[in-house]
Amino acid sequence: MIEVYIDGASAGNPGPSGAGIFIKGNGKAEQFSFPLGSMSNHEAEYHAFIKALEICLEKGYSGSLVSFRTDSKLVNNAVEKEFVKNSLYSPLLKKALHLTKQFDLFFMKWIPSIENKVADELSRQAIRKNKLGEQ
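Bear in mind the structure is a predicted one, so any value in this text is a computation, not a measurement. (Residues numbered from 1 in each chain as written. Predicted model: local features only at pLDDT ≥ 70, side-chain atom pairs only at ≥ 80, totals over all residues. Heavy atoms only, no water.)

Engineer: I'm lost on the pairing of strand E3 (residues 28–39) in this one. Help?
Structural biologist: A regular strand carries its side chains on alternate faces of the sheet. As judged from the 11 bridges shared by strand E2 (residues 15–25) and E3, these two strands associate in the antiparallel manner. Within E3, the position partnered with Phe22 by the bridge is Gln31. Hairpin geometry of E2 and E3 is characterised by an intervening segment of 2 residues between the two adjacent antiparallel strands and by a positive phi of about 55 degrees at Asn26. (Pairing = 2+ DSSP bridges. Helix = DSSP H or I, 4+ residues; strand = E, 2+ residues; numbered from the N terminus.)

Dropping the structure here:
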């Protein structure tokens, strides 16, 4: 099983944002940190999820059991219900759902923030990279 921990963070709302992704499975662990530009925290959460899906597909995990974990109730509930109230997030959810359909076994689970510390730190690293790039 592949476990994928995701987190998006924003320094301001909107503000410099970042995505953190921690993937473990098959006896290895990988960490990714991506600056996202200026956006809201919720947008950053969606972008982190989309980026994680893309990475997993690139790595050929689509045939494996892949379990995504997020501390974002907004993203978790939207994926679970395949619906989002705020139209701003609709295209992001649509893209994410399209990507999830490419996995044989896809699961998403909400976890408390305390269990998502690695992805959280990676998202904050990305914000710092983002701020340095804007200077």
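Structure shown, so let's carry the discussion forward.
Engineer: Is there a simple way to explain the environment of Phe103 in this structure?
Structural biologist: Counting through the fold element by element, Phe103 comes out in the loop between helix H3 (90–100) and strand E5 (105–110). When sequence neighbours within four positions are dropped, the list of residues in contact with Phe103 reads Leu53, Cys56, Leu57, Tyr61, Ser62 and Val66. (Contact = heavy atoms within 4.5 Å.)

Engineer: Could you clarify how one ought to interpret the packing of aromatic side chains in this entry?
Structural biologist: What describes a pair of aromatic rings is the distance from one ring centre to the other and the angle between the planes of the rings. Per the stated rule, a full pass over the model turns up 8 aromatic pairs. When the centroid spacing of 6.2 Å and the interplanar angle of 5 degrees are considered together, the rings of Phe32 and Phe34 count as stacked. With 6.3 Å between their ring centres and 45 degrees between their planes, Phe103 and Phe106 make a pair best called tilted. Note that Lys51 overlies the ring of Phe34, its terminal NZ or CZ placed 4.8 Å from the centroid. Cation over ring: Lys73 sits above Trp110, and NZ or CZ is 4.8 Å from the ring centre. (Phe/Tyr/Trp six-rings, centres within 6.5 Å; stacked < 30°, edge-to-face > 60°. Lys NZ or Arg CZ within 6 Å of the ring centre and 35° of its normal.)

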